[in-house]
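# Reading the structure
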Amino acid sequence: MSTQGASTSSPSSSSTPRWTYDVFLSFRGEDTRKNFTDHLYNALKNKGIETFRDDEKLERGKSISQELVKAIEESRFAIVIFSIYYASSTWCLDELEHIVRCRKEKGLEVFPIFYHVDPSDVRKQKGTFAEAFDKYKESWKDSIEKVETWKSTLTEVANLSGWDLRDRHESEFIQEIVEEMIKKLNSKFLISNESLVGIESIVAELIPSYLDFGNNVCMIGICGMGGIGKTTLARVVYHMHSDKFEASSFIADVREKSEKGGLFELQRKILQDLGVTNTNISDVHQGVPIIKNWLLRKKVLLVLDDVNHVQQLEKLAGERHWFGLGSWIIITTRDKNVLVAHGVLKIYKPNGLNNDDALKLFYSKAFKNEQPREDYMPLSQEVVNYANGLPLALVILGSFLAGKTRDEWQSASNYFKKNPPKEIFDILKISFDGLEDVWQEVFLDIACFFTKWIKENVIHILENCGVDARIAIRVLMDKSLLTLKYKFGCEHLGMHDLLIEMGQKIVRQQSGGEPGKQRRLWLLDDLFHVLENNMVRSYNFIFANKIE
């Protein structure tokens, strides 16, 4: 299938449509109903693809019926079979006009098939298509604008990516179409089953600003804290646009897989996705020239997910000249420095969900997309405030609270304010575990005491304690564990609430839950308890009020 000129329309509504059909077939019955279209229809149905084709008796009317209009509007894809006398049917032309309208307004994806016709004859209305329009100029003199609309509609659809039969065997041709539709439907299924609230607007921002569809090799990074939605965003872009590339590969969990199996296993996976078989890569150094050689030959879409070391990029994605023209390389990571060290110039940092989208995502998990009862709404808002825009937390908390009573919600809310859910804690802690010991200590100091403090004041305090605080703060920022916010002309340290909770939980775990053994005390009750009971230890510990 050609990769040029493919439809890029997206639905105008953020709600998920309820599709009735996977594929709508548009064809001229007299040309193909009992041969090619019948074979294609049955091949699609046999693969479980719900396909609409009009009944023979429907075409006897003078204009397309409401049943057809409804079927077009409730289909994911439309396949238009241009046959030699397609344009001689005003029924077909009206049907095609409505298909194009749905493409523009509803995101219907349209694919032409050129069945024993030259694509240029359809685009430019030559041959039998010209003959049909010569007759329309006479019979439709009073509606010449309608005729011009039909002509522009034919040109528009014929310029889309599709299939040309030429001299091929029909059975192989149909098999190729069916396989392509299965691939596209699988992509749509994967996307529709993700938690994608708010994702459309992010993708709409990402594509024009960071990627393009020309001949440039685009290498971008998506960087942010754990659970912010980096992988989901990369996966959506991958499934939306992989059909526009000669080959595509999504390498998930690079950090974890490279630790377990070595980078050469990931090199093998990329080569397999490129269609390269029987590659005997025994070590990562041997794999570099092989993978480079094959990447250079193709326009590829490559996603490397959860990268945590620049060496992974050097062995899997190299430099831009490794890739064929028009390739996209998308890298997700928590560590901005990995991207900078590899020369990735375009870095996108997802923000958390706004309150409205956060509520929608939470409701979808807690109430299974049903409207919540009014008495649950204040508690829902409380949970959303706690999650502070983090999609991971909203999904985990919503799933946990589903089906529980209001009293149980309140009890869980009180518990989680002191103890972040283990699933969330473990994912966030990955970034902490990757820090040098001294930077871990600085992270814990900031989590317990110094969030919202002026950056230079914190640096002064920590440097007086013998800590190289300036570089430590920069490292924490690069690792997506710390942010800077400008307020009153000064830089203030910012940290996500769940990262603060994680840091404080780590401190409590290090002391076995005994305040007297904690190296940091940030709650007045704990401080008074330690002092009143003479529990101060000989080793260093810090105590302070938590200042807002």
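All figures in this text were calculated on a predicted structure; none of them were measured in a lab.

### Some points on the confidence of the model for the protein chain
Per-residue pLDDT for the protein chain has a mean of 84; in total, 90% of the residues score no lower than 70. Averaged pLDDT values over the elements of the protein chain bottom out at 50 in strand β14 (residues 542–543) and peak at 95 in strand β9 (residues 328–333). pLDDT under 50 marks residues 1–17. Its contacts with residues more than four places away, or in other chains, come to 37 contacts. The low-confidence segment residues 543–548, where pLDDT is below 50, has 14 contacts with residues more than four positions distant or belonging to other chains.

### Observations regarding unusual backbone geometry
Phi is positive for His116, close to 55 degrees, though the residue is something other than glycine. Residue placement: His116 occurs in the loop between β4 (109–114) and α5 (119–124). Exposure remark for His116: the relative accessible area of 51% places this residue in the exposed category. The residue Gln125 is not glycine, and still its phi comes out positive at about 50 degrees. Looking at the element boundaries, Gln125 is found in the loop between α5 and α6 (128–139).

### Some remarks on the side chain of Lys455
Here Lys455 lies in helix α22 (residues 455–464). For Lys455, a relative accessible area of 15% corresponds to the buried category. Apart from the residues within four sequence positions on either side, Lys455 is in contact with Leu484, Glu491, His492 and Leu493.

### Regarding the pattern of salt bridges
Scanning the model with the defined rule gives 24 salt bridges in all. Of the charged contacts, one joins Lys455 and Glu491 as a salt bridge, the two residues approaching to 3.6 Å between their closest N and O atoms. Of this pair, Lys455 sits in helix α22 while Glu491 is found in strand β12 (residues 490–494), placing the two residues 36 residues apart along the sequence. Glu491 sits in the partly exposed class, given a relative accessible area of 24%. Linked through salt bridges whose partners overlap, the residues forming this network are Asp94, Glu97, Arg101 and Lys146.

### Some thoughts on the nonpolar core
Of all hydrophobic cores here, the largest spans 59 residues; its most connected members are Phe362, Phe443 and Ile446. When residues of this core are assigned to their parent elements, the largest contribution, eight residues, is made by helix α21 (residues 437–450). If sequence neighbours within four positions are ignored, Phe443 has contacts with Phe432, Leu435, Leu476, Leu481, Met495, Leu499, Met502 and Gly503. Within the second largest apolar cluster, 33 residues are counted, among which are Trp91, Phe114, Val147 and Val157.

### As for helix α12 (residues 263–273)
Along α12, the residues classified as buried are Leu263, Leu266, Gln267, Ile270 and Leu271. The arc enclosing the buried residues of α12, seen along the axis, measures out at 145 degrees, which places them on a common side. Packed against the buried residues of α12 are β7 (247–251), α11 (254–261), α13 (284–295), β8 (300–307) and α14 (310–316). Phi for Gly275, located one or two positions after α12, is positive at around 90 degrees.

### Some points on the packing of α21 against α22
With their axes 12 Å apart at the nearest point, α21 and α22 run at an angle of 125 degrees to one another. In terms of orientation, α21 and α22 fall into the oblique class. Between α21 and α22 the crossing geometry is right-handed. Where α21 approaches α22, its residues Val442, Asp445 and Phe450 are matched on the opposing element by Val458, Ile461 and Leu462. Here the residues of the contact of α21 with α22 sort into five nonpolar, no polar and one charged.

### Concerning the sheet that holds strand β3 (residues 75–82)
Strand pairing in a sheet is mediated by backbone hydrogen bonds. Such pairs are either parallel or antiparallel. Taking strand neighbours across the sheet as the criterion, the five strands line up as β2-β1-β3-β4-β5 in an open arrangement whose pairing is parallel. Of all strands in the sheet, those bounded by a partner on one side alone are β2 (51–52) and β5 (163–164). Strand contacts of helix α2 (residues 36–46): β1 (21–26), β2, β3 and β4, with the helix running at about 175 degrees to β1, the strand carrying the most contacts.

### Things to note about the packing of aromatic side chains
Applying the stated rule across the entire model yields 25 aromatic pairs. Ring geometry for Phe245 and Trp328: centres 5.2 Å apart, planes at 65 degrees, overall edge-to-face. Within this pair, whereas Phe245 is found in the loop between α10 (230–241) and β7, its partner Trp328 is found in strand β9, the two being separated by 83 residues in sequence. Members of the aromatic cluster, joined through ring pairs, are Phe362, Tyr363, Phe367, Tyr376 and Trp409. The ring centre of Tyr41 lies 3.9 Å from the NZ or CZ of Arg53, which sits over that ring. The lysine or arginine in question, Arg297, covers the ring of Trp294, its NZ or CZ lying 4.2 Å from the ring centre.

### Digging into the environment of Ala393
By the element assignment, Ala393 lies in helix α18 (residues 391–401). Here the alpha-carbon distance between Ala393 and Ile424, two residues 31 residues apart in the chain, equals 6.4 Å. Leave out the neighbours within four places in its chain, and Ala393 touches Ala387, Gly398, Ile424 and Leu498.

### Focus on the pairing of β8
For β8, the tally of buried residues reaches eight of eight residues, placing the bulk of the element in the interior. Note that β8 and β9 share five bridges and pair parallel. Counted as the bridge partner of Leu301 is Trp328 from β9. Handedness of the crossover is the feature at issue here: the chain leaves β8, passes through α14, returns alongside β9, and the resulting connection is right-handed.

### Overview of the sheet that holds β8
Strand order across the open sheet formed by five strands is β7-β8-β9-β6-β10, with parallel pairing between neighbours. Each having just a single partner strand, β7 and β10 (346–348) make up the two edges of the open sheet. Across this sheet, the average inter-strand angle for adjacent strands is 15 degrees, counted without regard to direction. Against the sheet, helix α9 (residues 199–210) engages β6 (218–223), β9 and β10, with an angle of about 170 degrees to β10.

### Structural notes on helix α3 (residues 66–73)
Within the sequence span of α3, burial applies to Leu68, Val69, Ala71 and Ile72. Across the axial projection of α3, the buried residues extend over an arc of 165 degrees, all falling on one side.

### Some thoughts on the pairing of β4
Across the six residues that make up β4, a large majority, six, are buried. Burial along β4 is two-sided: Glu109, Phe111 and Ile113 and Val110, Pro112 and Phe114, pointing in opposite directions, are all buried. Relative to β4, β3 is paired through six bridges, and the arrangement is parallel. Among the inter-strand pairings, Val80 is bridged to a residue of β4, identified as Pro112. Since β3 and β4 lie parallel, the crossover through helix α4 (residues 90–106) that links them has a hand, and here it is right-handed. Across two bridges, the pairing between β4 and β5 is parallel. Looking at β5, one finds that Ile113 is bridged to Trp163.

Definitions and cut-offs
- Residues numbered from 1 in each chain as written.
- Predicted model: local features only at pLDDT ≥ 70, side-chain atom pairs only at ≥ 80, totals over all residues.
- Heavy atoms only, no water.
- pLDDT = per-residue confidence, 0-100.
- Helix = DSSP H or I, 4+ residues; strand = E, 2+ residues; numbered from the N terminus.
- Contact = heavy atoms within 4.5 Å.
- Buried < 20%, exposed > 50% of the residue type's maximum accessible area, 1.4 Å probe, protein only.
- Salt bridge = Lys/Arg side-chain N within 4 Å of Asp/Glu carboxyl O.
- Core = buried A, V, L, I, M, F, W, Y, C linked by side-chain atoms within 4.5 Å.
- Arc of directions from axis to C-beta.
- Axes fitted to C-alpha atoms, helices over the stretch in contact; angles between N-to-C directions.
- Parallel < 35°, antiparallel > 145°, perpendicular 65-115°, else oblique.
- Left-handed = near helix turned anticlockwise from the far one by under 90°.
- Nonpolar A, V, L, I, M, F, W, Y, C, P; charged D, E, K, R; others polar.
- Pairing = 2+ DSSP bridges.
- Phe/Tyr/Trp six-rings, centres within 6.5 Å; stacked < 30°, edge-to-face > 60°.
- Lys NZ or Arg CZ within 6 Å of the ring centre and 35° of its normal.
- Right-handed = clockwise from strand over helix to strand, strands pointing away.

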